[in-house]
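These are the residues of each chain, in order.
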2 protein chains.
Amino acid sequence: VRAHVIGLGLVGSSVALGLRARGAEVTGEDVDPARAERAEELGAIASVGRAPDDGIVVVATPASSVVEVAGRVLAEGTEGLVVTDVAGVKGQIAAELPDSRFVPGHPMAGSEQEGPDGADPDLFVGATWVLTPTRHTSEAAFSTVKDVVSLLGADVVVLPPDRHDELVAVVSHVPHLAAATLMSLAADSPVDREALMRLAAGGFRDMTRIAAGSSAIWPDICRDNAAAIVPALDRLIARLEDVRGIVAGADQGGLVTLLERARVARRNLPARGAPPPQGTELRLVVPDRPGVLAEVTSTAAELGVNIYDIEIAHSSEGPRGVLVLVVASGAAGDLVGRLRSKGYRVAAMAEGTVEAT
Amino acid sequence: VRAHVIGLGLVGSSVALGLRARGAEVTGEDVDPARAERAEELGAIASVGRAPDDGIVVVATPASSVVEVAGRVLAEGTEGLVVTDVAGVKGQIAAELPDSRFVPGHPMAGSEQEGPDGADPDLFVGATWVLTPTRHTSEAAFSTVKDVVSLLGADVVVLPPDRHDELVAVVSHVPHLAAATLMSLAADSPVDREALMRLAAGGFRDMTRIAAGSSAIWPDICRDNAAAIVPALDRLIARLEDVRGIVAGADQGGLVTLLERARVARRNLPARGAPPPQGTELRLVVPDRPGVLAEVTSTAAELGVNIYDIEIAHSSEGPRGVLVLVVASGAAGDLVGRLRSKGYRVAAMAEGTVEAT
C-alpha cells in the first residue's frame, strides 16, 4: 500500500502511523509546515511532500476544506488515484465530488488528544468506520479504501451518505446538543446552585459527560448536518412534549410503556469496542474502598480474561455504583466464580439476551 | 440509638444493617412477613415487631404509603418519638404530616439490587442525604434524625421540601425521562436500526445508560413530583427549541456560547462519592488491551492511593476512551510519576480549577 495523508492532526497522523506500522509507504502534508515536520519526526510519515497522482490519498483536513482539497487532488490525479476523507458529515461532500475515484468515509474514533503528538497507530482498531460510496464511486476505488480501513483494524459499515447523516444526527449530534442543554439548564438554576450540584449524582453525571468535551468541531458539524439535525431535534422535542403530557396527565401506563421500551432497547445496545463473538456482562456491587477496582481487574488479568468494557452503572441517584464488566462468554464462568470466592456479589448476563418487553 | 424500620426493602434493610453495625438497637417490620423474617435472618434487624411509641422510626415503605404509615406511627407515638422517611419526593409528604416529630428525608443512594438480600451497611457512606424539615419540625427531632443519618456516614444537605423537589426534577427526574426519550427515538428508527446501533458509540451509551435501570419507581415519582417535573420539562423543551433555532439559523456564535458554558459547568461538577478535601482528576489515554485497567488501578493500590472515581470518558464518537481517575491531590503527583514511568500519557487537573468561560 502506498498512501498520502493530507492534514496531519490527530486522525490524519493516526491513519499515517497506523498504515506505516502495517507496512505501508506513507507520505503526508499539512497547511502548517511545523505540524508536518512534527509528524515526520514522530515517524507518522516517511517524508513531507505533495500528493502523488496515483495511490490512495486520505484527506484528513477540517471538514470545511475537504471539498476544495479533495477536488484539487482528484483534478490533478490519474485514473490510478483513489481519494477518501474522514469528515463527520457526508451528504454535501459526496454531492460535490461526483468522481468514480472518490469514496467518502467517516471513522468513528477520536480522542481528547490533538495533533500528531496524540497519534496512535491503533486508534481505529475495533472502531466503526463508515464508508458512504456515491452512485459515481467505482467498485475498484471502494474496494481499495475498504482494504485500507480494514488494514487499520476498523469495522466497515457501508451506508448511503444521506442515511449516514440522518443516523449520526440521532445517535451523536442530537444527544450531544441535549447533554449540553441539560447541563446548562442545571447550571442556570437561579438559586441553590451549590445544593443542586451536590444533588447531581451518577445518572446526571453520565448524561452530561460528553458536554465536558471540546466544542471545537461542533459549529462545522451543526452547519454541515443541519438538514438532519433539525428534524431529529424536532422529533426529540415532540417526544418530550408527549412525555410532558404523560407526566401532567398522570398517565402511569404510558410512562411505564415508554420507560420499559427504552430499558429493553438500551440493554440490547451492542457493547463498545471490539467485542468477543459472544460477550457476557457481569454486574458487581462495588463498595467504596481503596483497591476494589484493582482487585477486580487484577482478578480478571490473573485469569487472562480481557475486559472489553468497564463502567460504573450509577443508579439515577446516589454515589453508589454497580461495576459493569463485559468479558468473553467463554471466560465469564471462571471470573464469576473467582470473584464470588472473594466475596463479591456478581450477576452475569449474556449479551444479546433479549428481555421480554 | 434505638431505631425501628418499617419497610425492609433494600433501603430500609441497609439503614437497619448500617445502624446495627454502628451499635444501635434495631427492630423492624414489613407488610410481607417473609421479607421481615429474611431481614432478621440476615441480621439487619434484631427482631420483628411493631413500632415502639418512642425512639426513632424510619419509614422506608414505597412512597405511596408513607403518609398513611408515618401518620399512624405518629398518632400512636409519644412525645419522645421521632419519625423520618426516605421517599424521593418531599413536598406532599411534608404538607400532609404537619407534626413537630416528623423530619422528611431523602437518601440519595440506591442500588440495582432489591430486597434485604441486597442490603449493605455502608450503602450511605459518602452519599448525600437530604433532610427537608417543615415549619412544624422541632429542632430536637431534626437533630436526632441528623445524628442518625451522620452515623450512617451520609452527608446531610438541608433544603425546604418544595425546593428539594424542584432540584431533583432538574438533576434526576427530567434527565432520566430525557435519557429514555433519546433511547426510544433511536430505537424507533424505522430503517437501518442495526446500522444505527453500530454507530451508537460512547457518548450515546453514556447518555442513555440510566434508561437501562428498573422503571419501577418512576410512576410514583412522576405522579408525586409532577408539579416540579412539568415546568422543568417545559424549560428543557424551550431550550431545545432555542438550540433548534441556533442550528437551523447557522448561528455559530450562539452554538459556541451554549457548548462552552455547558463544558465549563460540567467540568466544575463536584466529584461523586466522598471526595478528598481536594481532589485531582487524572486523564489517561487507555489502549484497548488486556490488563491495562488492572495495571492502572494496581499502581494506585501499590502506592496506597484511593481512587475516588473512575470512568471511561468516551469521546462523542468511537470506542477509544480516556480513563478518568479522581484521587486526593496530595497523592496525585506520585501516581502520575509512576504511571508516566510505565509509559502512560497522563494529564492531571486539580478539581475545582475554574476554567475561563
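Residues numbered from 1 in each chain as written. Chains lettered and ligands numbered in written order. Predicted model: local features only at pLDDT ≥ 70, side-chain atom pairs only at ≥ 80, totals over all residues. Heavy atoms only, no water.

K.L.:
Lay out the pattern of salt bridges with the relevant residues and their values.
P.N.:
Enumeration over the complete set of coordinates arrives at 29 salt bridges over all chains. For Arg239(A), the salt bridge is made with Asp188(B), and the minimal N-O distance between the two is 2.9 Å. Here the residue Arg239(A) occupies a position in helix H10 (residues 226-248), and Asp188(B) occupies one in the loop between helix H6 (161-187) and helix H7 (193-199), the pair thus bridging two chains. Three or more residues are tied together by salt bridges with common partners; here these are Arg38(A), Glu41(A) and Asp117(A). (Salt bridge = Lys/Arg side-chain N within 4 Å of Asp/Glu carboxyl O. Helix = DSSP H or I, 4+ residues; strand = E, 2+ residues; numbered from the N terminus.)

K.L.:
Give a description of the packing of aromatic side chains that names residues and reports values.
P.N.:
Residue and element names in this part refer to chain A. Taken as a whole and assessed by the stated rule, the structure comprises two aromatic pairs over all chains. Centroid distance Phe 124 to Trp 129: 5.0 Å. Interplanar angle 55 degrees. Geometry classified as tilted. Overall, Phe 124 belongs to the buried group, its relative accessible area being 1%. What makes Trp 129 buried here is its relative accessible area of 4%. (Phe/Tyr/Trp six-rings, centres within 6.5 Å; stacked < 30°, edge-to-face > 60°. Buried < 20%, exposed > 50% of the residue type's maximum accessible area, 1.4 Å probe, protein only.)

K.L.:
Lay out a negative patch on the surface in plain terms, naming residues and giving numbers.
P.N.:
Among the surface-exposed residues, Glu241(A), Asp242(A), Glu241(B) and Asp242(B) lie close enough to one another that they form a single negatively charged patch. Residue assignment for the negative patch shows that the elements contributing at least two residues are H10 of chain A together with helix H10 (226-248) of chain B. Positionally, Glu241(A) belongs in helix H10. (Patch = residues over 30% accessible without salt bridge, like charges linked within 9 Å, V, L, I, M, F, W, Y side chains within 5 Å. Areas by Shrake-Rupley, 256 points an atom, 1.4 Å probe, with all protein chains shown as cover. Lys, Arg positive; Asp, Glu negative; His and termini not counted. Charge placed at Lys NZ, Arg CZ, Asp CG, Glu CD.)

K.L.:
How would you explain the side chain of Arg266(B) if you had to name every residue and give the values?
P.N.:
Note that Arg266(B) resides in helix H11 (residues 252-267). You can call Arg266(B) buried: its relative accessible area is 5%. At 2.9 Å, the side chain of Arg266(B) and the side chain of Thr208(A) are in polar contact. (Polar contact = N/O pair within 3.5 Å; in protein donor to acceptor, adjacent residues only side chain to side chain.)

K.L.:
Please give an account of helix H3 (residues 66-76) of chain B that cites residues and values.
P.N.:
All names here are of chain B. The set of residues buried in H3 consists of Val 66, Val 69, Ala 70, Val 73 and Leu 74. When H3 is viewed along its axis, its buried side chains cluster within an angular range of 130 degrees and face the same direction. The exposed residues of H3 that point more than 90 degrees off its buried face are Glu 68, Ala 75 and Glu 76. Buried residues along H3 sit in contact with strand S1 (2-6), strand S4 (55-59), strand S5 (81-85), helix H4 (91-96) and strand S6 (102-103). (Arc of directions from axis to C-beta. Contact = heavy atoms within 4.5 Å.)

K.L.:
Just give me the short version of the packing of helix H6 (residues 161-187) of chain A against H6(B), but keep the residues and values in it.
P.N.:
Running from N to C, H6(A) and H6(B) cross one another at 170 degrees; their axes reach a closest spacing of 11 Å. By the angle between their directions, the pair H6(A) and H6(B) is classed as roughly antiparallel. Residues Val170(A), Val171(A), Val174(A), Pro175(A), Ala178(A), Leu182(A), Leu185(A) and Ala186(A) of H6(A) form the contact with H6(B), whose own contacting residues are Val170(B), Val171(B), Val174(B), Pro175(B), Ala178(B), Leu182(B), Leu185(B) and Ala186(B). Here the contact of H6(A) with H6(B) is built from residues that sort into 16 nonpolar, no polar and no charged. (Axes fitted to C-alpha atoms, helices over the stretch in contact; angles between N-to-C directions. Parallel < 35°, antiparallel > 145°, perpendicular 65-115°, else oblique. Nonpolar A, V, L, I, M, F, W, Y, C, P; charged D, E, K, R; others polar.)

K.L.:
Tell me about unusual backbone geometry, and please be specific about residues and values.
P.N.:
Comment: phi is negative for the bulk of residues other than glycine, and the bulk of peptide bonds are trans. Positive phi is not limited to glycine here, since Ala250(A) has a value of about 50 degrees. Residue class for Ala250(A) comes out partly exposed when judged on its relative accessible area of 45%.

K.L.:
Could you give an account of helix H13 (residues 329-341) of chain A, with specific residues and numbers?
P.N.:
All names here are of chain A. For H13, spanning 13 residues, the distance from its first C-alpha to its last is 19 Å, which sits close to the expected 18 Å at 1.5 Å a residue. Within the span of H13, buried status applies to Ala 332, Leu 335, Val 336 and Leu 339. Along the axis of H13, the buried positions cluster into a sector of 105 degrees, meaning they face one direction only. Turned more than 90 degrees away from the buried face of H13 sit Gly 330, Gly 333, Asp 334 and Ser 341, all of them exposed. At the C-terminal side of H13, Gly 343 shows a positive phi close to 95 degrees. (Expected span 1.5 Å × (residues − 1).)

K.L.:
Outline the confidence of the model for chain A, supporting the account with residue identities and numerical values.
P.N.:
All names here are of chain A. When pLDDT is averaged across chain A, the result is 85; 86% of the residues are at 70 or more. Here residues 272-277 is modelled with pLDDT under 50, and outside its nearest four sequence neighbours on either side it reaches 15 contacts, counting other chains as well. Per the prediction output, this complex has pTM 0.76; the corresponding ipTM is 0.75. (pLDDT = per-residue confidence, 0-100.)

K.L.:
Please give an account of the environment of Gly333(B) that cites residues and values.
P.N.:
Residue and element names in this part refer to chain B. Checked against the element boundaries, Gly 333 lands in helix H13 (residues 329-341). We classify Gly 333 as exposed; its relative accessible area is 52%. It is 9.5 Å that separates the C-alpha atoms of Gly 333 and Thr 280, two residues lying 53 residues apart in sequence.

K.L.:
With reference to specific residues and values, describe the pairing of strand S8 (residues 128-131) of chain A.
P.N.:
Residues and elements named next belong to chain A. Side chains of S8 alternate between two faces, with Thr 128 and Val 130 and Trp 129 and Leu 131 buried alike. Of the pairings in the sheet, the one linking strand S7 (residues 105-107) to S8 comprises three bridges and is antiparallel in character. The residue of S8 that forms the bridge with His 106 is Val 130. Of the pairings in the sheet, the one linking S8 to strand S9 (residues 155-158) comprises four bridges and is parallel in character. Looking at the pairing, Leu 131 lines up with Val 158 of S9. Each parallel crossover has a hand, and the one from S8 via helix H5 (residues 139-151) to S9 is right-handed. (Pairing = 2+ DSSP bridges. Right-handed = clockwise from strand over helix to strand, strands pointing away.)

K.L.:
How would you explain the packing of H10(A) against H6(B) if you had to name every residue and give the values?
P.N.:
Where H10(A) contacts H6(B), the two axes come as close as 10 Å, and the packing angle between them is 130 degrees. It follows from the interaxial angle that H10(A) and H6(B) lie oblique. In terms of crossing hand, the pair formed by H10(A) and H6(B) is right-handed. Across the interface between the two elements, Ala232(A), Arg235(A), Leu236(A), Arg239(A), Leu240(A), Val243(A) and Val247(A) of H10(A) pack against Leu177(B), Ala178(B), Thr181(B), Leu182(B), Ser184(B) and Leu185(B) of H6(B). Residues belonging to the contact of H10(A) with H6(B) are distributed by class as follows: nine nonpolar, two polar and two charged. (Left-handed = near helix turned anticlockwise from the far one by under 90°.)

K.L.:
Can you explain the sheet that holds strand S1 (residues 2-6) of chain A? Please cite residues and give values.
P.N.:
Residue and element names in this part refer to chain A. Pairing is parallel in the open sheet, where six strands are placed in the order S3-S2-S1-S4-S5-S6. Of all the strands in the sheet, just strand S3 (47-48) and strand S6 (102-103) have a single pairing partner and so form its edges. Pairing of strand S5 (residues 81-85) with S6 involves two bridges; the strand directions are parallel. Paired with Thr 84 across the bridge in S6 is Val 103. Its contacts with the sheet place H5 against strand S4 (55-59), S5 and S6, and it is angled at close to 55 degrees to S5.

K.L.:
Lay out the side chain of Thr61(B) with the relevant residues and their values.
P.N.:
Positionally, Thr61(B) belongs in the loop between S4 and H3. Once you skip the residues sitting within four places of it in the chain, Thr61(B) turns out to touch Ile6(B), Gly7(B), Val66(B) and Val69(B).

K.L.:
Run through the sheet that holds strand S3 (residues 47-48) of chain B, naming residues and quoting values.
P.N.:
Residue and element names in this part refer to chain B. Read from one edge of the open sheet, six strands run S3-S2-S1-S4-S5-S6, paired in parallel fashion. Each of the sheet's edge strands pairs with one partner strand only, and the pair in question is S3 and S6. Its contacts with the sheet put helix H5 (residues 139-151) on S4, S5 and S6, and the angle it makes with S5 is roughly 55 degrees.

K.L.:
How would you explain the environment of Asp32(A) if you had to name every residue and give the values?
P.N.:
By secondary structure assignment, the location of Asp32(A) is in the loop between strand S2 (25-29) and helix H2 (33-41). Judged by its relative accessible area of 36%, Asp32(A) falls in the partly exposed class.

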